[in-house]
Structures are given as C-alpha cells and as structure tokens.
Amino acid sequence: MSTAVDAARPEPPVSGTSTAYRPIGVRVAMTTAAFGALALATCLAAPLVGSTSISLARVFDRSIPFADNVDAQIFWVARMPRVLAGALVGAALAAAGVVFQAMLRNPLATPFTLGVSAGASLGAMLTLVLGVSTTIGWLSPIPFASFAGAAVAAAIVYRLATLEGRAMSTTVLLLAGVTLNSFFSALIMFVQYIADFAQVYRATRWLMGDLDVGGFAPIAAAAPLVAIALGMFAMLPSSLNLLSVGADAAATRGVDVGRTQRLAFLSASLATSAAVSLAGPIGFIGIVVPHLVRLMVGVDHRIVLPASALFGAAFLVVCDLGARTLLAPIEIPVGVITAMLGGPFFLWLLVKKG
C-alpha cells in the first residue's frame, strides 16, 4: 500500500534542478523515449517482414508506376495498414487495462471486464448477420455498429453504478459489467444460432480479432477517438496512484474521487470501444502488457501509463507479425496469438496474486 502512496508524492528536490519534480520528469522522459524507440523500431521493421520478400528501394522508387510496383503495393496496401492498426489498437487496449486495474483496484481487470467488448461484438454481429451493406462515407457499417454497441454497454454499466445520484460504486460497476458481458455473450450465441453458415463464418472470423483492416480509412476513423482517450488518460496518473490504494485514502489527499472514477471509466471505455470497432475483440493485451511494464518500471502510473501504451503498440504489432508469418501463406487471426500468449500468463498471474 505504501508503495502506491509514495509513488504519488512529489520527489524531493535535487541540487542543481530547477524544480522539485525533476527526478520523476527525467524518469518519465527516459522511459517514454526507450519504449517509444521500441515501438517506432517495431513499426518500421514489421512491414518489411512477410511471406513475400520486398525491396525497400523499390517501394520508394517513384520511377516505377504504383500499379506496376508489386513491392510498393505489398508495403502500402497489405502491410502498413496492419502495422498502424496494430499499434493503435495495442496502445489503446494496454492503456485502458492500466486505468481499469487502478480504478477497480483489481490487478486482473481487463478492458473487456465491464462488458464494453461484448457490446461492441454484439453490434458488429448484428450488422453482419442482418446483411447491412450501407456504407457511411468510405467506411463499412461494421465499425460504427461495433462502436455503438460498446457505447450502449458502457452507458448501461455506468448508469447502474450511479443509480439514485450516488457516487460511482466500483463494486457495482464490476458486477454489472460481468453480468452484462455474460448477457451480451448469450445474445451473440443466439444470433449465431439463427444465422446461416456464411454469416456465422464471417462473424466468427471477426470475433477472433483481426488486423486486416483493408486500408487506411478505418484507421483514420478510429485514430481521433483513441487520441481523445489518450488525452484524457494524461490527466489521470497522479490520481490513479492514490485511487489504487483506496477511495478513502485518495479523498483524504485531495483527490476528487467521483470525478476521477468517471473520467477513468469514460476514457478507458472510449479507448476500448475504438479499438474493438477497428480490429474486433483482441484479448489479453490489457492484462499482459500492464503487468510486464510494471515488472520493468515499477508501479508509478505517471510512468506505467505512457510506457504501457507504447509497449502495447509494439507488442501487438509483433503478435500480428507472427500471425501472418508463422503458417504463411495462411494468416492466423491475431486474437488467437494474443490468447495463446495471454492465457498462460493470466493463470500465472492468478496463482501469484492468490
């Protein structure tokens, strides 16, 4: 308990520094730079690797028309959108995992604990099964239906946790989320049961989690939502340090607990909704990455939050690289890879925390 409280306190002044906060500022800068370099290197290297070898010189050779430049087509059409989508989704889910774990004071909480993912999945499932084909601008209706389902789920859970004008109850929030997740999962199974085989196959593929986004347009649609969520996350770290100790301890140290809980819930739900609408429900990123980062940098959320977002981006890009190369030319849904890695890790964490 003292560790989290100490993490929220200002660092003592150091001779020669301009402010009392220079040490934590240096730590944040160094950690962010290190994880940022890792994420950047991963995103630059991943498009060059695949079942088909490409030449980077030919990719950027403007003397060759794009229609005739196979290397450029593979790089810009097939691989780079996947890499950017993986980085965006990985960063969103990992950061949301950090926030949910601090808000709920539960190290096993994930971005999908509160039913947001199930709501998004149900929205996408209904769109696929009903055969809705009306596009919105240049985008298919699936991301919008998925985001709408996630928003409905988040609204229901939030309303249940704040009934009668009371302060948000994290216990009710957690129980309502788990219950809603089970209810939506049952509806998903019912929809699958009444749908025909082709619709079920397509929906099942989406439910596995896949970064084959088909271009930059879906990324452009999801990126502003993730950016807003990350901006909201930036206002939380110091409060999360105290909130993770307990609401009473945080309140006695000047934290507006109600405001912090609302901001944490809404921002993490927004990040999760945007990620799921882009790539489907990719599990375990929100639990594996935050705990790995804490093992490397400690528990201070001022460091853990940005580090988790950057490491999550690199982690999912690497997972997707394995998904499209391990059994090439067959591509494995990236959600299968993260589940195979995250399942054993989750059990190890459960035993350790128990």
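This structure is a prediction, so every number in the text was calculated from the model and none was measured.

Student: With reference to specific residues and values, describe the overall build of the protein.
Tutor: Counting secondary structure elements, the protein contains 15 helices and zero strands. Looking at the protein as a whole, 50% of its 354 residues are labelled buried. Residue pairs at least 24 apart in sequence account for 75% of intrachain contacts in the protein once pairs closer than 6 positions are excluded. When the accessible area of the protein is evaluated, it comes to approximately 16,200 Å², of which 68% is carbon and sulfur surface.

Student: Pulling in residues and values, what's your account of unusual backbone geometry?
Tutor: Note that the residue after Ala328, namely Pro329, is joined by a cis bond; omega there is 10°. Tracing the sequence through the fold places Pro329 in the loop between helix H14 (301–325) and helix H15 (334–353). One non-glycine residue with positive phi stands out, namely Arg105, at about 55°. Among the structural elements, Arg105 can be located in the loop between helix H4 (70–104) and helix H5 (116–130). Look at Phe284: it is not a glycine, yet its phi comes out positive at around 75°. By the secondary structure assignment, Phe284 is in the loop between helix H12 (257–279) and helix H13 (285–297). According to the relative accessible area criterion, Phe284 is partly exposed, its value standing at 29%.

Student: Lay out the pattern of salt bridges in plain terms, naming residues and giving numbers.
Tutor: All told, the structure shown has four salt bridges when counted by the stated rule. Arg82 serves as the salt-bridge partner of Asp320, at 2.7 Å between the closest nitrogen and oxygen. Here the residue Asp320 occupies a position in helix H14, and Arg82 occupies one in helix H4, the gap between them amounting to 238 residues. For the residue pair Asp320 and Arg82, the accessibility class agrees, reading buried in each case. Between Arg82 and Glu331 there is a salt bridge, with its nearest N and O atoms 2.8 Å apart. On the criterion of sequence distance, the pair formed by Arg82 in helix H4 and Glu331 in the loop between H14 and H15 is long-range, its members being 249 residues apart. You can call Glu331 partly exposed: its relative accessible area is 38%. If you follow the salt bridges from partner to partner, you end up with Arg82, Asp320 and Glu331 in one network.

Student: Break down the confidence of the model for the protein for me, with residues and values.
Tutor: Chain-level statistics for the protein give a pLDDT mean of 85 and a share of 90% at 70 or above. Within the protein, helix H1 (residues 2–8) has the poorest average pLDDT of any element, 47, and H14 the best, 95.

Student: Go over the environment of Ser267, please, and point to the residues and values.
Tutor: Within the element layout of this structure, Ser267 appears in helix H12. Considered as a pair, Ser267 and Gly231 are 36 residues apart in the sequence and their alpha carbons are 8.7 Å apart. Leave out the neighbours within four places in its chain, and Ser267 touches Ala229, Met232, Phe233 and Leu236.

Reading the values: the criteria
- Residues numbered from 1 in each chain as written.
- Predicted model: local features only at pLDDT ≥ 70, side-chain atom pairs only at ≥ 80, totals over all residues.
- Heavy atoms only, no water.
- Helix = DSSP H or I, 4+ residues; strand = E, 2+ residues; numbered from the N terminus.
- Buried < 20%, exposed > 50% of the residue type's maximum accessible area, 1.4 Å probe, protein only.
- Contact = heavy atoms within 4.5 Å.
- Areas by Shrake-Rupley, 256 points an atom, 1.4 Å probe, with all protein chains shown as cover.
- Salt bridge = Lys/Arg side-chain N within 4 Å of Asp/Glu carboxyl O.
- pLDDT = per-residue confidence, 0-100.

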